[in-house]
Amino acid sequence: MKKKLNFTQYKSRLIKSLDSVDTIKLSKIINLFKKKIKNKNKIFVCGNGGSAAISNHYICDFLKLVRQKTNFKPRFLSLANNLETITAISNDINYDKIFSFQLESLFDPGDILILISSSGNSKNMVNALKFAKKNKIYTISFTGFKGGYLKRNSNLSIHVKSNTYGISEDSHHILMHYLMEELIDQLNFK
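Residues numbered from 1 in each chain as written. Predicted model: local features only at pLDDT ≥ 70, side-chain atom pairs only at ≥ 80, totals over all residues. Heavy atoms only, no water.

## Points about the overall build of the protein chain
Item 1. Helix and strand content of the protein chain: eight helices and five strands.
Item 2. The C-alpha atoms of the protein chain give a radius of gyration of 16 Å, which matches the 16 Å a tight globule of 190 residues would have.
Item 3. With respect to the three principal axes, the spread of C-alpha positions in the protein chain is 50 × 45 × 30 Å.
Item 4. Split into buried and exposed, the 190 residues of the protein chain put 47% on the buried side.
Item 5. As displayed, the protein chain has an accessible area near 10000 Å², and 52% of this comes from carbon and sulfur atoms. (Helix = DSSP H or I, 4+ residues; strand = E, 2+ residues; numbered from the N terminus. Rg over C-alpha atoms; globule rule 2.2 N^0.38 Å. Buried < 20%, exposed > 50% of the residue type's maximum accessible area, 1.4 Å probe, protein only. Areas by Shrake-Rupley, 256 points an atom, 1.4 Å probe, with all protein chains shown as cover.)

Shown next, in the form of structure tokens:
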């Protein structure tokens, strides 16, 4: 029987996964966010399961706090937050199209798509990435495990070295909060 992981071990694994992140790429993301927010482009976010929750948390924090603490009105949209739309697309079209189908109606060239996926191989995420690339939507992926298709094919990939969902998702969530705090620091305060 496998020995249970204690908190100290879990924390150590989480820190190790965060230490594996390329901080130069994080700086690039912040610069992209600044540019896109100033140009009034949209920044879409999507993910499945726990990554969907992180996608929705992006909207909560970036939309509210960036607007509250700066002179900008960011246009962040989660493709994972409308259960009615997701289930209608899934039922009537195909679950693999739940994100790409929404993008078809909502995107403009020059927008950004953030894809959050531990495996990097979910079919609906791969389809969203393919659609984005064909339509000049800049793609940023946050992956764990081996990174999969998203790591290999995104314009910019943030990969955390972890083979578990908990550590991958915790790392992606922490990185989301870091990006928001740093973005606010770099934009004009009210």
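Now that the structure has been shown, we can carry on.
## Observations concerning the pattern of salt bridges
Item 1. For the coordinates displayed, the defined rule picks out two salt bridges.
Item 2. A salt bridge links Asp-108 to Lys-42; the nearest nitrogen and oxygen atoms lie 2.5 Å apart. With a gap of 66 residues between them, Asp-108 in the loop between helix H5 (100-106) and strand S3 (112-117) and Lys-42 in strand S1 (residues 42-47) connect regions that are remote in the sequence.
Item 3. A relative accessible area of 7% places Lys-42 in the buried class.
Item 4. Lys-42 is paired through a salt bridge with Asp-111; the nearest N and O atoms lie 3.5 Å apart. Linking Lys-42 in strand S1 with Asp-111 in the loop between H5 and S3, this pair joins segments that are 69 residues apart in sequence. Each member of the pair, Lys-42 as well as Asp-111, carries the same accessibility label: buried. (Salt bridge = Lys/Arg side-chain N within 4 Å of Asp/Glu carboxyl O.)

## A short note on the packing of aromatic side chains
What characterises a pair of aromatic rings is the spacing of the ring centres plus the angle enclosed by the ring planes.
Item 1. Following the criterion strictly, the structure yields six aromatic pairs and no others.
Item 2. Pairing Phe-33 with Phe-62 gives two aromatic rings, centres 5.7 Å apart and planes at 85 degrees, and the pair type is edge-to-face. On the criterion of sequence distance, the pair formed by Phe-33 in helix H2 (residues 23-38) and Phe-62 in helix H3 (residues 50-69) is long-range, its members being 29 residues apart.
Item 3. The exposure class of Phe-33 is buried, given its relative accessible area of 0%.
Item 4. Arranged with centres 5.6 Å apart and planes meeting at 85 degrees, the rings of Phe-33 and Phe-76 form a pair that is edge-to-face. Here Phe-33 is found in helix H2, whereas its partner Phe-76 is found in strand S2 (residues 75-78), with 43 residues between them in sequence. With respect to class, Phe-33 is no different from Phe-76; both count as buried. (Phe/Tyr/Trp six-rings, centres within 6.5 Å; stacked < 30°, edge-to-face > 60°.)

## A few points about a positive patch on the surface
Item 1. Taken together, the side chains of Lys-40, Arg-67, Lys-73 and Arg-75 present a region of like positive charge at the surface.
Item 2. Judged by relative accessible area, Arg-75 falls into the partly exposed class, the value being 39%. (Patch = residues over 30% accessible without salt bridge, like charges linked within 9 Å, V, L, I, M, F, W, Y side chains within 5 Å. Lys, Arg positive; Asp, Glu negative; His and termini not counted. Charge placed at Lys NZ, Arg CZ, Asp CG, Glu CD.)

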